[in-house]
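Structural characterization, general
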Amino acid sequence: MSDFSALSLVGGLWADGIWSLCLGLMTALSLVAWRRIHPEAMAPLQWGRDGRPIMRAGRALAVSFTPLAAAVGGLMMAAGERLSPAPEPAWLAVRLIAPLLILAAHQAHLRSALKTLKVEGGLR
């Protein structure tokens, strides 16, 4: 059998780098959205089938929830990989792809929230 421990170390570093980059981009997107949302506005978090918001939160929670959840999830996955005696290549693939998908979801959420708030007059 081959020893892939060096490969998982290098791959883990790449995954950590991608997570860091994506978290930085999510933070930048959140700051831009936070500045555009009026302080008293309740930003949409979730929409119903008819397209109307069914769940709302203050602007700080609305723009920071996804990056904070992604940071916690990324740290937990990195710890799981490092504590595993033999990390699986599939686990590394998840760690490489997940931050990109979360970044795309965060961007789509903020775009939809800003669109909804523009119609409602909740933007500066």
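**Focus: the nonpolar core**
Judged by nonpolar contacts, Ala 33, Ile 37, Ala 41, Ala 43, Ala 62, Val 63, Leu 110, Leu 114, Leu 117 and Leu 123 together constitute the single largest core of 10 residues. Elements with a contribution of two residues or more to this core: helix H2 (59-83) and helix H3 (89-120). Ignoring any residue separated from it by four or fewer positions in sequence, one finds Leu 117 in contact with Ile 37, Ala 41, Met 42, Ala 43, Pro 44, Arg 56, Gly 122 and Leu 123. Listed in part, the seven residues of the second largest apolar core include Trp 19, Met 26, Met 77 and Ala 98.

**Let's talk about the packing of H2 against H3**
Running from N to C, H2 and H3 point in directions that differ by 180°, and their axes come no closer than 10 Å. Of the possible angle classes, the one that applies to H2 and H3 is roughly antiparallel. Only Trp 91, Leu 92, Val 94, Arg 95, Ala 98, Ile 102, His 106, His 109 and Leu 110 of H3 make contact with H2, whose side of the interface consists of Ala 62, Val 63, Thr 66, Pro 67, Ala 70, Met 77, Ala 78, Gly 80, Glu 81 and Arg 82. Tallied by class, residues from the contact of H2 with H3 come to 12 nonpolar, four polar and three charged.

**Regarding the pairing of strand S2 (residues 53-58)**
Direction of pairing for strand S1 (residues 42-47) relative to S2: antiparallel, over a ladder of five bridges. Its bridge partner being in S2, Trp 47 is matched across the sheet by Pro 53. Hairpin connection between S1 and S2: a loop of five residues separates the two successive antiparallel strands, and Gly 51 in this loop has a positive phi of roughly 90°.

**Considering the environment of Gly 51**
Examined against the element boundaries, Gly 51 turns out to sit in the loop between S1 and S2. Judged by its relative accessible area of 46%, Gly 51 is partly exposed. In sequence terms Gly 51 and Thr 116 are 65 residues apart; their C-alpha atoms lie 9.4 Å from each other.

**Focus on the pattern of salt bridges**
Overall, the coordinates contain five salt bridges when judged by the stated rule. Of the charged contacts, one joins Arg 82 and Asp 16 as a salt bridge, the two residues approaching to 2.2 Å between their closest N and O atoms. Of the two residues, Arg 82 sits in helix H2 while Asp 16 sits in helix H1 (residues 5-36), which places them 66 residues apart along the sequence. According to the relative accessible area criterion, Arg 82 is partly exposed, its value standing at 48%. Where Glu 120 meets Arg 56, a salt bridge forms, and the shortest distance between an N and an O atom there is 2.4 Å. Linking Glu 120 in helix H3 with Arg 56 in strand S2, this pair joins segments that are 64 residues apart in sequence.

**Regarding the confidence of the model for the protein chain**
A residue-level look at the protein chain finds 93% of positions with pLDDT of 70 or above and a mean pLDDT of 90. Across the protein chain, the secondary-structure element scoring lowest on mean pLDDT is H1, at 87, and the one scoring highest is S2, at 96.

Scoring rules and cut-offs
- Residues numbered from 1 in each chain as written.
- Predicted model: local features only at pLDDT ≥ 70, side-chain atom pairs only at ≥ 80, totals over all residues.
- Heavy atoms only, no water.
- Core = buried A, V, L, I, M, F, W, Y, C linked by side-chain atoms within 4.5 Å.
- Buried < 20%, exposed > 50% of the residue type's maximum accessible area, 1.4 Å probe, protein only.
- Helix = DSSP H or I, 4+ residues; strand = E, 2+ residues; numbered from the N terminus.
- Contact = heavy atoms within 4.5 Å.
- Axes fitted to C-alpha atoms, helices over the stretch in contact; angles between N-to-C directions.
- Parallel < 35°, antiparallel > 145°, perpendicular 65-115°, else oblique.
- Nonpolar A, V, L, I, M, F, W, Y, C, P; charged D, E, K, R; others polar.
- Pairing = 2+ DSSP bridges.
- Salt bridge = Lys/Arg side-chain N within 4 Å of Asp/Glu carboxyl O.
- pLDDT = per-residue confidence, 0-100.

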